[in-house]
Amino acid sequence: MHYVAYAELAAAVSNAGGLGIITALTQPNPEALRNEIRKTRKLTNKPFGVNITLLPAMSPPDYPAFIRVIVEEKVGIVETAGHSPGKIIKTLKENGIIVIHKCTTIRHALAAQRLGVDILSIDGWDCAGHPSLTEEVGNFVLLAVAAKKLSIPFIASGGVGNGAQLAAALTLGAEGVNCGTLFMATEEAPIHPNIKKALVDGKEGDTTHIFKTLKNTERVFKNKQSAKVLEMEAAKPGDFQAVRPFVSGALYKKSFQETGDTQSSVWSCGPAMGLIDDIPSCQVLIERMVADAEYVLKDTVMRVCRSRL
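Residues numbered from 1 in each chain as written. Predicted model: local features only at pLDDT ≥ 70, side-chain atom pairs only at ≥ 80, totals over all residues. Heavy atoms only, no water.

Time to look at the pattern of salt bridges. Following the criterion strictly, the structure yields twelve salt bridges and no others. As a salt-bridge pair, R38 and E73 come within 2.9 Å of each other at their nearest N and O atoms. Here the residue R38 occupies a position in helix α2 (residues 30-43), and E73 occupies one in the loop between α3 (63-72) and β3 (77-82), the gap between them amounting to 35 residues. Via salt bridges that share partners, E31, R34, R38, R41, E72 and E73 belong to a single interconnected network. (Salt bridge = Lys/Arg side-chain N within 4 Å of Asp/Glu carboxyl O. Helix = DSSP H or I, 4+ residues; strand = E, 2+ residues; numbered from the N terminus.)

Here it is, written out as structure tokens:
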């Protein structure tokens, strides 16, 4: 949710009954994150969290400083993703912070469980952003295996776009769902209307994977810029400098916050856009999703009961 998960969206999700998350690394520095946390608190009195993603970078962020701000601002929930949270989990847990760790394989989920995370977010191959580098397993299988092998609560992440999928996730053993692409297409998402329209118009096949040769696979919107990246990867596999001009975060931010040009940057989204038909408020979206899940669950029970008659 880079350049999307700001205070406005996080607060709207929390106010609607979900758990809103702001992304630490969208902020230019730790003090900017402090301001965003405080801004979120002015917009909601409900719980919210902060995501901190641990990924390889040419110039790594000052992770200790970001963590220090999170602790000082008494954020109650942190979502970690990317590399193992081993180096930061001790600090978070010592300060009473609930840790949700996003995992793309059961192997990594079991490792995170041993580290002491509280909740796991199981991220199937159908997710936006960074899926597993080694195992192309969708959530229909991944969640069932998670229910079989994990001993702590988990939520379903990746490819979720409606209430029927929420019902399915609950049936498969998850405690809930994590949605990214779906909330990009809401009234409160602080991104250009053209990006939201692209998600409404998009189909489930309108994404592609880049960075495979860099061993940092990312699912992004299928457009002219991602096509250029794939061409360069084919010509110079594993050479980040060859693709660097096309994947600049500045281009990403400009598309989302200024121009609304859907073609001039690589930006993360998932196949769940095939389930997006409108741009509701977060309140309407969550209420509709829960109501649809309730209907599906009740209808499923009725169908099972009828089948036994």
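Two numbers describe a pair of packed helices, the interaxial angle and the distance between the axes. It is at 9 Å that the axes of α2 and α3 come closest, and there the two elements cross at 25 degrees. On the basis of their axis angle, the class for α2 and α3 is roughly parallel. As for the relative orientation of α2 and α3, their crossing is right-handed in sense. Counted together, P30, E31, L33, R34 and I37 of α2 and A65, F66, V69, I70 and E72 of α3 form the full contact between these two elements. A class-by-class count of the residues in the contact of α2 with α3 yields seven nonpolar, no polar and three charged. (Axes fitted to C-alpha atoms, helices over the stretch in contact; angles between N-to-C directions. Parallel < 35°, antiparallel > 145°, perpendicular 65-115°, else oblique. Left-handed = near helix turned anticlockwise from the far one by under 90°. Contact = heavy atoms within 4.5 Å. Nonpolar A, V, L, I, M, F, W, Y, C, P; charged D, E, K, R; others polar.)

Let's shift gears to the packing of aromatic side chains. For the coordinates displayed, the defined rule picks out four aromatic pairs. Between Y3 and Y252, the aromatic rings sit 5.5 Å apart at their centres with planes inclined by 70 degrees, giving edge-to-face as the arrangement. On the criterion of sequence distance, the pair formed by Y3 in the segment before α1 (7-15) and Y252 in helix α12 (residues 249-259) is long-range, its members being 249 residues apart. The same class applies to Y3 and to Y252, which are both buried. For the ring pair Y252 and F256, a centre distance of 5.0 Å and an interplane angle of 80 degrees mean the geometry is edge-to-face. Of the two residues, Y252 and F256 are both situated in helix α12; the distance of four residues between them amounts to about one turn of the helix. Residue classification places Y252 among the buried residues on the basis of a relative accessible area of 10%. For F256, a relative accessible area of 1% gives the class buried. An aromatic cluster of at least three residues, connected via ring pairs, comprises Y3, F221, Y252, F256 and W267. (Phe/Tyr/Trp six-rings, centres within 6.5 Å; stacked < 30°, edge-to-face > 60°. Buried < 20%, exposed > 50% of the residue type's maximum accessible area, 1.4 Å probe, protein only.)

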